[in-house]
Amino acid sequence: MDDFRFVRLGICRVLSQAASGRDFLQMAREVLGEEVARASFFDSLHCPRRSKVLADLNAELVTRNRSGLEDLLARFPELKGIPVYAVDGHHIDHAVHSPSDRKGGKVSANNLYLLCLHSGLLWNLGAVQGDGRHSHEMPVFRNQVVPWLLTEKKRRGAAAPIFIGDPAFVDKVFWTRMVLEGRRARFITRTKSNMKPTIYSSYGWDRKNLVNEGVEADLSVGFDGATTMRIIRYRDPESGVNYEFLTSVMDLEPGLIALLYLSRWRIEKLFDTTKNKLEETKSWAVGPVAQEIRAHLVALTHNLLVLLRGELAREHGIREEKVEQKRQGQLIQRQAQARAMGRTVAAIQKFLPVAIQLTAQFIRTLRNGILLGMRWARALELLRASTKCYL
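Given the structure is predicted, the values throughout are model-derived calculations rather than measurements.

Participant: Just to check I follow, could you spell out the pattern of salt bridges for this structure?
Facilitator: Oppositely charged side chains are able to pair whenever their charged atoms sit close together. The full count for this structure, using the stated rule, is 20 salt bridges. Between Glu280 and Arg294 there is a salt bridge, with the nearest N and O atoms lying 3.0 Å from each other. With a gap of 14 residues between them, Glu280 in the loop between α8 (265–276) and α9 (288–316) and Arg294 in helix α9 connect regions that are remote in the sequence. Each member of the pair Glu280 and Arg294 is classed as buried. By sharing partners, the salt bridges in this structure join Asp3, Arg49 and Arg50 into a single network.

Participant: For this particular structure, what's the right way to read the sheet that holds strand β1 (residues 84–92)?
Facilitator: Backbone hydrogen bonds are what pair the strands of a sheet, in a parallel or an antiparallel way. Pairing in this open sheet of nine strands is mixed, and the strands run β3-β2-β1-β4-β5-β9-β8-β7-β6 from one edge to the other. Lying at the two open borders of the sheet, with one neighbouring strand each, are β3 (122–129) and β6 (198–202). In this sheet, neighbouring strand axes are inclined to one another by 25° on average, regardless of whether the strands run parallel or antiparallel. Bridging between strand β2 (residues 109–116) and β3 involves six bridges; their strand directions are antiparallel. Pairing of Leu115 across the sheet is with Leu122, part of β3. Along the sheet, α8 makes contact with β1, β2 and β3, crossing β1 at roughly 35°.

Participant: Before we go on, may I ask you to explain the packing of aromatic side chains in this structure?
Facilitator: What characterises a pair of aromatic rings is the spacing of the ring centres plus the angle enclosed by the ring planes. The full count for this structure, using the stated rule, is 18 aromatic pairs. Measuring from ring centre to ring centre gives 5.5 Å for Tyr85 and Trp123, while their planes differ by 85°; the resulting arrangement is edge-to-face. Of the two residues, Tyr85 is situated in strand β1 and Trp123 in strand β3; the sequence distance between them amounts to 38 residues. We classify Tyr85 as buried; its relative accessible area is 1%. Using a relative accessible area of 4% as the deciding quantity, one classes Trp123 as buried. Both rings, one in Tyr85 and one in Phe163, keep their centres 5.5 Å apart while their planes meet at 25°; by these two values the pair is stacked. In this pair, Tyr85 sits in strand β1 while Phe163 sits in strand β4 (residues 162–164), placing the two residues 78 residues apart along the sequence. Of the two residues examined, Tyr85 and Phe163, each falls in the buried class. Here the aromatic cluster, defined as three or more aromatic residues joined through ring pairs, consists of Tyr85, Trp123, Phe141, Trp148, Phe163, Phe169, Phe174, Trp175 and Phe187. Looking at Lys172, its charged tip hangs above the ring of Phe223, at a distance of 5.3 Å from the centre. The aromatic ring of Tyr390 is capped on one face by Lys322, whose charged end is 5.4 Å from the ring centroid.

Participant: Explain the packing of α9 against helix α12 (residues 376–386) here, please?
Facilitator: Packed helices, taken two at a time, are described by the angle their axes make and the gap between the axes. Running from N to C, α9 and α12 cross one another at 90°; their axes reach a closest spacing of 12 Å. With respect to α12, the axis of α9 lies roughly perpendicular. Across the interface between the two elements, Leu308, Leu312 and His316 from α9 touch Trp376, Leu380, Leu383 and Arg384 from α12. A class-by-class count of the residues in the contact of α9 with α12 yields five nonpolar, one polar and one charged.

Conventions and cut-offs
- Residues numbered from 1 in each chain as written.
- Predicted model: local features only at pLDDT ≥ 70, side-chain atom pairs only at ≥ 80, totals over all residues.
- Heavy atoms only, no water.
- Salt bridge = Lys/Arg side-chain N within 4 Å of Asp/Glu carboxyl O.
- Helix = DSSP H or I, 4+ residues; strand = E, 2+ residues; numbered from the N terminus.
- Buried < 20%, exposed > 50% of the residue type's maximum accessible area, 1.4 Å probe, protein only.
- Pairing = 2+ DSSP bridges.
- Axes fitted to C-alpha atoms, helices over the stretch in contact; angles between N-to-C directions.
- Contact = heavy atoms within 4.5 Å.
- Phe/Tyr/Trp six-rings, centres within 6.5 Å; stacked < 30°, edge-to-face > 60°.
- Lys NZ or Arg CZ within 6 Å of the ring centre and 35° of its normal.
- Parallel < 35°, antiparallel > 145°, perpendicular 65-115°, else oblique.
- Nonpolar A, V, L, I, M, F, W, Y, C, P; charged D, E, K, R; others polar.

Spatial relationships are all this shows, so hold off on functional conclusions.
So this is what it looks like as structure tokens:
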């Protein structure tokens, strides 16, 4: 099996909703007309070279095409040219024959992903745990992100990127090293309850800037063995929930720091898409290479869908109208609920992009078109219809 066929079949498997490898191979033979030997396909899942091919292919796909996508952070010109990524791990069920850990229990497979908040494109950064192995996300992030940054810098020559993660990614020594080594990377996260920072001073901020609505404090702080950082205290104008953010980003408005952290929910919505719409809930095979290959194919498939959605909007005027209309209705409802509690929806919410998550109808139409060998003209008709209203 050559690389092109392997990649094509892998993407089809992600889209297929197949319950197992054999389920997919039978579908490939009976529906797609692809006669694939079981051993050939499964052996390919353990090939390190193919894993690298997929990683390089996804990186090249993103590099060549992201400029053609709508910038989801275009409302904030100060972020132009600054890569901004949400980082998080995603757990799925272990493979059927996965070995147990030392206590006899099964270990879920967990991979670490990066989501670009500018473009909505995805990378698999690396396997965290699985096949009886337990591990934490931050050590994997530390090991993988530095070589990944070097590759990205060669491709783009970009400014120091910003990574946004939950408190599991608090590592003051690592992020200090990133700052001292020429501002290679910066971070935004939430503080932990056991943190004991030294407060140096309080920064002022532009209270007339819409993005700063809800900001209550912007503090210069320090920790033992760490560079100077910021703590931003923020109260959500809509929910009244209080947040405290820790960041090494020193040159952005405090309200924008808060907004970027709250925007990391997009990666959770993406994981929801892979789980509930693509039904990718289980490892394909035992072994770290197979785990990486599956994760690369999930990222590659997601990115192809996002790029296709962008081309449909750009070349054919096909946009997710139903999602946009639903968002407007929800915004009106949120404003009414907030007013009833004496609160308000943050004004900046009106300027945020609408269509972030891939819809189930969009995915189903593409899946059906592939399985039926549908002509592109007919697929365009169905895709246009699927954006008008919900089933």
